[in-house]
Amino acid sequence: MMNMDSTMAKQTQQWVLPTYARLDLNLVKGQGSYVWDESGKPYLDFATGIAVCSLGHCHPALVKALQEQSEQLWHVSNLYHTAPQAELAQLISQKVVGIEGKTFFSNSGAEANEGLIKLARNYGDIKPQLSGANQGQKRHHIITLNESFHGRTNGALAATGQDKIQAGCMPLLSSFSYAKLNDLASVEALVREDTVAVMLEPIQGESGIQPVTAEFLRGVEALCKEHDLLLLLDEVQCGVGRCGEWSAWQAIAPDVVPDAISWAKGLGGGVPIGAFWVNNRDGLSEVLGAGKHGSTYGGNPLVCAVALAVIKTVDSENILANVNACGARIRDEISRWNSPKIKQVRGLGLMIGIELNPQINVVEAVKELMQAGLLTVMAGNNTMRLLPPLNLSEIELQEALDKLKCFF
Ligand SMILES: *Cc1c(COP(=O)(O)O)cnc(C)c1O
C-alpha cells in the first residue's frame, strides 16, 4: 500500500508544485462509482474528485457525448455561435434554475465567482449610492460569510472568509466584509451605503457542510430587496442535483429568487467547466454587455456537450429522487449508530458531512477509510465529507455503509 516511492508519486513530488498535501494513492482507472490504483485495488469513490464526477466515472452517456463532439468540433472561441453552448445555457435557465436568465461560461468555479463579483461591481456602477456623503458614487462593497469558500483566484479569495486562504496574498481586492452564517443581524450590521451584493453558498462545502437555514436565506433576500443588493449564490459545490434538487437553494427555500448563481464541479461531470447565470429581471442580464467580460475557452463545444449529457442524464434517469433517497438513508443510518467518534451528521441530498469528535483526526479517518477501500474528503471543522456519485446504486450504498460502520 505504501506507494510513495512509485514513479507517479516521485515524479509528482519532483515536478509538480507542492500546493496540495496529497494522499498516498496513485490512481489509474475509473468506472462507475469505483476507481482503481496502480496495483489494481478498487476504491468506492465517495470523493468524486470533490463533487465533480456527479455521474461517477466514464458514464456511457458522457463518454458518448465526448466522443461524438470530439469528432465534430472542439473549439472555436466565443466569437461565433455553437450549438452545445446555446443549448446548455437554455437548459441551465429552464431546468437547473427555472427562472428566465442568461449564462456566461468559464472553466472553473473560481472564475465563475469572479464573474459574479464583476457583475456586482458593474451593477454598482450603474446603480450608484443613493444617499450619504458619497451620493452618486459607485457601489462596490460585497458581503460574504465567515468560513465561506469561493475559490483561489485573487478576487474569489478576497470573497472567501478564511484567513488561511488569504494568507500571503495581501493586499486583497478591497471591499469585502464577512458576516456570520445563519445570523441575519450580522449581515444587516455590515450593510453600508456602498454595499452592492451579498454572496453565499447555500451549503458551505469546504468549511464542513454547513447549510444556511431557510429563515436566514429568506432574511438575506429581504435585506437585498430593501437595499437594492444583488443576491449571489455560489452553487459551485452544492448545485446541479447534489442536494436533491436541481439547485441547492431550491432544497432549502424554493421561494427565494436569486439574482445570479455560479456553478462548476458537478456541472461537467469531470470536464473543466464553470458557469454563472444572471436573472433577466430589470435588465440585470444585460449589465455585462459586449466587451465587459470574456474567456477564450469558456463554454467550448467539447465541455458543453458533456455538461449537456450530465443534465439530460440526471433528468432522464430520475436521479434527483435517487439523491434524496440515498442521502436520507446514509444520514439516518449513520446517526443511528450513535458512534462516540461522531459529533454531528449534516447535509442535504448527497452532500453529507460527518463532524468527528475532537479525539478523532479527520485526516487520519480519511486515510483509514481509504485503506479500507472507501474514498472520502476532509473538510474544515474536523468534518469528513461524503460526496458519492448521484447515481449511486443500492449495493454500493450498502458497501459504503458497511465500511463506515466498521470505522465508526
Ligand atoms: C470548489 C469551490 C470553488 C472553486 O472552484 P474551482 O473550480 O476550484 O475554482 C468555489 N466555490 C465553492 C463553493 C467551491 O466548493
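None of these values were measured; they are calculated from a predicted model.

Let's shift gears to the packing of helix 12 (residues 319–336) against helix 14 (residues 394–407). At their nearest, the axes of helix 12 and helix 14 sit 11 Å apart, and the two run at 20° to each other. Judged by the angle between their axes, helix 12 and helix 14 are roughly parallel. Judged by the twist between their axes, the crossing of helix 12 over helix 14 is right-handed. Taking contact as the criterion, the partners of Cys-326, Arg-329, Ile-330, Glu-333 and Ile-334 in helix 12 are, on helix 14, Glu-394, Leu-397, Gln-398, Leu-401 and Leu-404. Of the residues that constitute the contact of helix 12 with helix 14, the class distribution is six nonpolar, one polar and three charged.

It is worth spelling out the pattern of salt bridges at this point. Counted by the stated rule, this structure contains 18 salt bridges. Glu-394 is paired through a salt bridge with Arg-329; the nearest N and O atoms lie 2.6 Å apart. One end of the pair, Glu-394, is in helix 14; the other, Arg-329, is in helix 12, with 65 residues separating them in the sequence. Residue class for Arg-329 comes out partly exposed when judged on its relative accessible area of 29%. A network of salt bridges, in which partner residues are shared, links Lys-127, Arg-139 and Asp-228.

What follows deals with the sheet that holds strand 14 (residues 351–356). Strands sit in the order 13-14-17-16 across an open sheet of four strands; the sheet is antiparallel. The outermost strands of the open sheet, each flanked by one partner alone, are strand 13 (342–348) and strand 16 (377–379). Neighbouring strand axes in the sheet, compared pairwise and without regard to direction, differ in orientation by 25° on average. Across three bridges, strand 16 lies against strand 17 (residues 383–386) in antiparallel orientation.

What follows covers the packing of helix 4 (residues 83–97) against helix 11 (residues 301–316). Relative to each other, helix 4 and helix 11 sit at 35°, their axes nearing to 8 Å. Considering the relative orientation of helix 4 and helix 11, their crossing is left-handed. For the pair formed by helix 4 and helix 11, the contact residues are Pro-84, Gln-85, Glu-87, Leu-88, Leu-91, Ile-92, Lys-95 and Val-96 on the first element and Pro-301, Cys-304, Ala-305, Ala-307, Leu-308, Ile-311, Lys-312 and Asp-315 on the second. Partitioned by chemical class, the residues of the contact of helix 4 with helix 11 number eleven nonpolar, one polar and four charged.

What follows deals with the pairing of strand 14. For strand 14, the tally of buried residues reaches six of six residues, placing the bulk of the element in the interior. Alternating positions in strand 14 separate into two faces, Met-351, Gly-353 and Glu-355 on one and Ile-352, Ile-354 and Leu-356 on the other, with burial throughout. Relative to strand 14, strand 13 is paired through six bridges, and the arrangement is antiparallel. The residue of strand 14 that forms the bridge with Gln-344 is Glu-355. Following strand 13, the chain reverses through two residues before pairing antiparallel with strand 14; Gly-349 in that reversal takes a positive phi of roughly 55°. Where strand 14 meets strand 17, four bridges bridge the pair, whose relative direction is antiparallel.

Right, let's get into the environment of Trp-36. Inspection of the secondary structure puts Trp-36 in strand 2 (residues 34–37). When the C-alpha positions of Trp-36 and Asn-381 are compared, they lie 29 Å apart, and in sequence the two are 345 residues distant. Among residues more than four places away in sequence, those in contact with Trp-36 are Asn-26, Leu-27, Val-28, Lys-29, Gly-30, Gln-31, Lys-41 and Pro-42.

Read from one edge to the other, the open sheet built from seven strands follows the order 4-12-11-10-7-5-6, with strand pairing classed as mixed. Because the sheet does not close on itself, it has two edges, and the strands there are strand 4 (101–106) and strand 6 (176–179). Here the strands of the sheet are splayed against their neighbours by 20° on average, with no regard to which way each runs. Taken strand by strand, helix 4 contacts strand 4, strand 11 (260–263) and strand 12 (274–279), and its axis lies near 125° from that of strand 4. Packing against the sheet, helix 5 (residues 109–126) makes contact with strand 4, strand 5 (141–145), strand 6, strand 7 (195–200), strand 10 (230–234), strand 11 and strand 12, and its axis sits at approximately 175° to strand 10.

Rules used in this analysis
- Residues numbered from 1 in each chain as written.
- Predicted model: local features only at pLDDT ≥ 70, side-chain atom pairs only at ≥ 80, totals over all residues.
- Heavy atoms only, no water.
- Axes fitted to C-alpha atoms, helices over the stretch in contact; angles between N-to-C directions.
- Helix = DSSP H or I, 4+ residues; strand = E, 2+ residues; numbered from the N terminus.
- Parallel < 35°, antiparallel > 145°, perpendicular 65-115°, else oblique.
- Left-handed = near helix turned anticlockwise from the far one by under 90°.
- Contact = heavy atoms within 4.5 Å.
- Nonpolar A, V, L, I, M, F, W, Y, C, P; charged D, E, K, R; others polar.
- Salt bridge = Lys/Arg side-chain N within 4 Å of Asp/Glu carboxyl O.
- Buried < 20%, exposed > 50% of the residue type's maximum accessible area, 1.4 Å probe, protein only.
- Pairing = 2+ DSSP bridges.

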